[in-house]
Amino acid sequence: MTAAAAPTAAHTAPDGAPDPAARARRRRSALRTAAFMSPWLIGFAVFFAYPLLSTVYFSFTKYDGFRQPVFNGLDNWSYVFTDSPAFWPAMRNTLWLVVVMVGCRVAFGLGIGLLITKIKTGTGIFRTLFYLPYLAPPVAATLAFVFLLNPGTGPVNTVLDAVGLPTPGWFTDPSWSKPALTALALWGVGDLMVIFMAALLDVPKEQYEAAELDGAGSWARFRHITLPNISPIVLFAVVTGVIQAMQYYTQPLVAGKVAAGVIGGSGQQFEPGYPDKSTLTLPQLVYNLGFQRFDYGTACVIALVLFTLSMAFTALLMRRRGGLIGAGE
Amino acid sequence: MPRTGRLTTAATLLAAISVLATACTGQSGNAAADDPAKDVTLSFWHGWSAPSEVMAIEENIARFEKAHPNIKVKVTGNMTDDKVNQALRAGGDGAPDVVSSFTTDSVGKFCNSGAFADLNPFLEKSGIDKAKVFPKTLLEYTQFNGNQCTLPLLNDAYGLVYNKTAFAAAGITEPPKTWSRFTEVAQKLTKPKGDSYEQVGLMPTFHGYETKPTRLAAQWGARYFDADGKAGLAKDPAFTKMLTAQKDLVEKLGGYEKLERFRTTFGDEWSAEHPFHRGQVAMQIDGEWRAAMAKEAGVGFEIGTAPLPVPDDQAADYGKGYLSGTIMGIASVGTKQNAAWELVKYMTTDTEAVVAFANAIHNVPSTLAALESPALELTPEFKTFVDIARHPKSSTTPAQADGGTYQLTFEDFAYGAEKGAVADITAGLAKVDQQIDTDIAKAK
């Protein structure tokens, strides 16, 4: 307390007023700092703060993008939570994808990473094979999956039928459409595999050797050495996965449209989410409301809900970071 | 003081950002003050993409430019509604002056939002009595609450396209005229194969391309709104009867799941792999273009066309159908609206232009004069659709402030009804009415 008070006393004029020279120095220092930070500050203001504040503002207006927005209080908010037939199905689907798809992707990515690091021969080939699907454009990959999983003509069901197994409707069946999307996400798990591989190769070998000398089995080594060492990477994978799942748009839209037989052409309107809204996600709803139904206000409400959810998930995961890192730190 | 100063700065910034947010919005309602006799270049966006269609529209534009040497038209094809909407919102030099869209259902949104200019003043200025130029139903779907923000650019009539050879093989001598006969014929034409089909008489499900609930509802003469403008699907028994008949048809043809699984084997609607071309379906609810497309695909069977069947108790109205079509409008943000009107006027009201375009892309003409024109190429298959367009009881879906959202709400319900997931259809329709009224009130 004394130490903190001392500089203030040193820069205070005898009559108790702040020393003008010290104040000027502080101002110059603050300006210098601001000048160095200005590129980021401008970027933050233009690309984050302004759009965010605009979104908040528009969420309280009736705005179609053509006429001036008109303040309408909580109308959009109450419509979304009580009257919209699509919001809650989209919310449930998005949360399902956040929990199941992200969970599966992280587990699968880690599993493949572990497998590749253990392989002695042909590592390069396997790395390439597992990574390649990640490079496929989302639309092309989705089209390929809809073809592969076509219930009537797809090779997957042909094989399942040949071996006497049930043949699901995949993208045409509401109970199988999200698992089918998860399968597509797992197919493109190359990004996580690479990250996990790098993390796994970074785990100190001596820790494994010491554990082996102590008689630790493979599960114990994974649980007490591998996992604590790679936990920051797991956290990174989960946080970025959650954010990606919150923005999941292209794959469910394309899969739904193709499975519904709507490619475009005669001016038919298409509601995303086929079959039975089972592939409808919040980002699709934002686009549909804002750009197709001319209802920016309601779209902004859902965008804010998405933003809040993303922040909440990230904050929750970050709070648990210490626990995740555990012995590794 | 410094704390207060920071707060003031923050509040000022917030206010400035809010003002900016409101300032960066689109404007509408420009008055047309340009001179259409001056040299000008118009930007025209349309959605056609097939080479033959693009060529037809270019020929049409060439005829216009010849008649209006001072106006050049820069044509951009394959534009979706989303791109058009965004360009119109953004305005500026990049926005189109004239737009055509296939999505008739969006007219209410286009008019209500002011995206397109009201064409009534232009029609008056040109001395055009729209009621004498366009069929009544087409005027209905191109305006909203008296705002004629679009005009019809050709017309789509929906009817039945059928495989005459398959009919003959099954001993069926004429297309079905009533719904009960239609169900019988569809069953008779259905050929099972294992747990699937070799051919279905008709793919009845509402995901079967042009088989939409709105098109069937037109055959029942259903009315979506009452006199007060409130949704009345539950009050009009036609909707319940139509959905009940649809559910019955789906069941009789093998059930929803089996039919949907068969549907997944179908090729693209706009390709030669269409199930009708390949003989997977013997009848297809479709627009006037299907017969011509099937012939171009080189099908090995004879093609017939007919109006869609009507309910048994409305047999006297046989011949009617659902109508919609491409619409054309002028961007309200445009600064060349008088010149743009010259193009719209030419393409939508000039009989020679309308007939030539209709002949080229096999669509039904959209003016009364063009429908009677001797230059209209009438094959027997195409004539059916022209007759549907002329039928006094042919109808469309009314324009609404929320565009076609009310139709999608109904369609969503119809998906459940056709597969038997709705126990009480009328009670379900009452909920649909409630949702429609909520959505429309919000959009107004």
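1. Brief notes about the overall build of chain B
No. 1: A tally of helices and strands in chain B yields 19 helices and 11 strands.
No. 2: A compact globule built from 444 residues would reach a C-alpha radius of gyration of about 22 Å, and chain B, at 24 Å, matches this within 12%.
No. 3: The principal-axis extents of the C-alpha atoms in chain B amount to approximately 85 × 65 × 40 Å.
No. 4: Across the 444 residues of chain B, 52% fall into the buried class.

2. With respect to the overall build of chain A
No. 1: Scanning chain A for helices and strands turns up 15 helices and 2 strands.
No. 2: When the 329 residues of chain A are sorted by exposure, 34% land in the buried category.
No. 3: A separation of at least 24 residues holds for 70% of the contacts in chain A among residues at least 6 apart in sequence.

3. Overview of the pairing of strand E11 (residues 327-330) of chain B
Residue and element names in this part refer to chain B.
No. 1: Neither face of E11 is open: one carries Ile327 and Gly329, the other Met328 and Ile330, and all of them are buried.
No. 2: Pairing analysis gives 4 bridges linking strand E3 (residues 98-101) to E11, with the strands arranged antiparallel. The partner of Val98 across the bridge, within E11, is Ile330.

4. Considering the sheet that holds E3(B)
Residue and element names in this part refer to chain B.
No. 1: On the basis of which strands lie adjacent, the open sheet formed by 5 strands has the order E2-E1-E3-E11-E4 and mixed pairing. Where the open sheet ends on each side, the last strands, each with one partner, are strand E2 (71-76) and strand E4 (151-152).
No. 2: Set on the sheet, helix H14 (residues 337-349) makes contact with strand E1 (40-45), E2, E3, E4 and E11; between it and E11 the angle comes to about 165°.

5. A look at the interface of chain A and chain B
No. 1: Contact with chain A, which involves 31 residues of that partner, is made by 43 residues of chain B.
No. 2: At the level of elements, helix H2 (20-58), helix H3 (75-83) and helix H13 (282-292) of chain A are the ones that each hand at least two residues to the side of chain A that touches chain B.
No. 3: Looking at the side of chain A that touches chain B element by element, the count peaks at 4 residues for H2(A).
No. 4: Grouping the constituent residues of the side of chain A that touches chain B by class yields 12 nonpolar, 14 polar and 5 charged.

6. Observations regarding the packing of helix H9 (residues 179-189) of chain B against helix H11 (residues 237-252) of chain B
All names here are of chain B.
No. 1: Where H9 meets H11, the axes come as close as 10 Å, and the angle between the chain directions of the two elements is 15°. When the axes of H9 and H11 are compared, the pair comes out roughly parallel. Seen along the crossing, H9 lies across H11 with a hand that is right-handed. Between H9, through Trp179, Thr183, Ala186 and Gln187, and H11, the contact on the second element is made entirely by Ala245, Leu249 and Lys252.

7. Observations concerning H14(B)
No. 1: Relative to the 18 Å expected for 13 residues at 1.5 Å per residue, H14(B) spans 17 Å between its end C-alpha atoms, a close match to the ideal helical length.
No. 2: Of all the 13 residues making up H14(B), 11 are buried; the element is thus mostly covered by neighbouring parts of the structure.

8. Some details on unusual backbone geometry
No. 1: Along the chain, Tyr274(A) connects to Pro275(A) via a cis peptide bond; the corresponding omega equals -5°.
No. 2: Mapping Pro275(A) onto the fold places it in the loop between helix H12 (250-260) and H13.
No. 3: Of note, Trp170(A) is a non-glycine position whose phi angle comes to about 45°, a positive value.
No. 4: What makes Trp170(A) buried here is the crowd of 24 C-beta atoms within 10 Å.
No. 5: Not every positive phi belongs to a glycine, and His362(B) is a case in point at roughly 55°.

9. Some points on the domain arrangement of chain B
Many authors give the size of an interface as the accessible area that is lost as the parts come together.
Residue and element names in this part refer to chain B.
No. 1: Here chain B is described as being made up of domain 1 (40-155 + 325-390) and domain 2 (157-322 + 400-443).
No. 2: Summarising the inter-unit geometry, the C-alpha centres of domain 1 and domain 2 are found 28 Å apart.
No. 3: Opposite the 16 residues of domain 1 that make contact, domain 2 presents 20 residues.
No. 4: Sorting the residues of the side of domain 1 that touches domain 2 by element identifies helix H4 (107-113) and helix H17 (380-390) as the ones contributing at least two each.
No. 5: Per-element tally for the side of domain 1 that touches domain 2: the top contributor is H17, with 7 residues.

10. Quick word on the nonpolar core
No. 1: Membership of the largest hydrophobic core comes to 119 residues, with the highest contact counts inside it found for Leu42(B), Val98(B), Ile330(B), Leu343(B) and Val344(B).
No. 2: Here this core spans two domains, since at least three of its residues come from each of domain 1 (40-155 + 325-390) and domain 2 (157-322 + 400-443) of chain B.
No. 3: Among all residues touching Val98(B), those that are not within four sequence positions of it are Leu42(B), Phe44(B), Met328(B), Ile330(B), Ala340(B), Leu343(B) and Val344(B).
No. 4: Ranked by size, the runner-up nonpolar core spans 61 residues in total, among them Leu97(A), Phe145(A), Tyr248(A) and Phe313(A).

11. Looking at the pairing of E1(B)
Residues and elements named next belong to chain B.
No. 1: When you tally the buried positions in E1, you get 5 out of 6 residues, the bulk of the element.
No. 2: When E1 meets E2, the two strands line up parallel, connected through 6 bridges. Residue pairing across strands places Leu42 opposite Val73, the latter belonging to E2.
No. 3: Where the polypeptide runs from E1 across helix H2 (residues 51-67) and back to E2, its parallel neighbour, the crossover connection is right-handed.

12. Regarding the packing of H13(A) against helix H14 (residues 296-319) of chain A
Any two packed helices are characterised by how steeply their axes cross, that is the angle between the axes, and by the distance between the axes.
Residues and elements named next belong to chain A.
No. 1: Between H13 and H14, whose axes approach to 7 Å, the crossing angle comes to 160°. Relative to H14, H13 is oriented roughly antiparallel. Seen from above, H13 lies across H14 with left-handed handedness. Of the residues in H14, those in contact with Leu282, Leu285, Val286, Leu289 and Gly290 of H13 are Tyr296, Thr298, Ala299, Ile302, Ala303 and Leu306.
No. 2: Considering only residue class, the contact of H13 with H14 consists of 9 nonpolar, 2 polar and no charged.

So, how was this worked out
Residues numbered from 1 in each chain as written. Chains lettered and ligands numbered in written order. Predicted model: local features only at pLDDT ≥ 70, side-chain atom pairs only at ≥ 80, totals over all residues. Helix = DSSP H or I, 4+ residues; strand = E, 2+ residues; numbered from the N terminus. Rg over C-alpha atoms; globule rule 2.2 N^0.38 Å. Buried ≥ 20, exposed ≤ 12 C-beta atoms within 10 Å, placed from the backbone. Contact = placed C-beta atoms within 7 Å. Pairing = 2+ DSSP bridges. Axes fitted to C-alpha atoms, helices over the stretch in contact; angles between N-to-C directions. Nonpolar A, V, L, I, M, F, W, Y, C, P; charged D, E, K, R; others polar. Parallel < 35°, antiparallel > 145°, perpendicular 65-115°, else oblique. Left-handed = near helix turned anticlockwise from the far one by under 90°. Expected span 1.5 Å × (residues − 1). Domains from an automatic or database assignment. Core = buried A, V, L, I, M, F, W, Y, C linked by C-beta atoms within 7 Å. Right-handed = clockwise from strand over helix to strand, strands pointing away.

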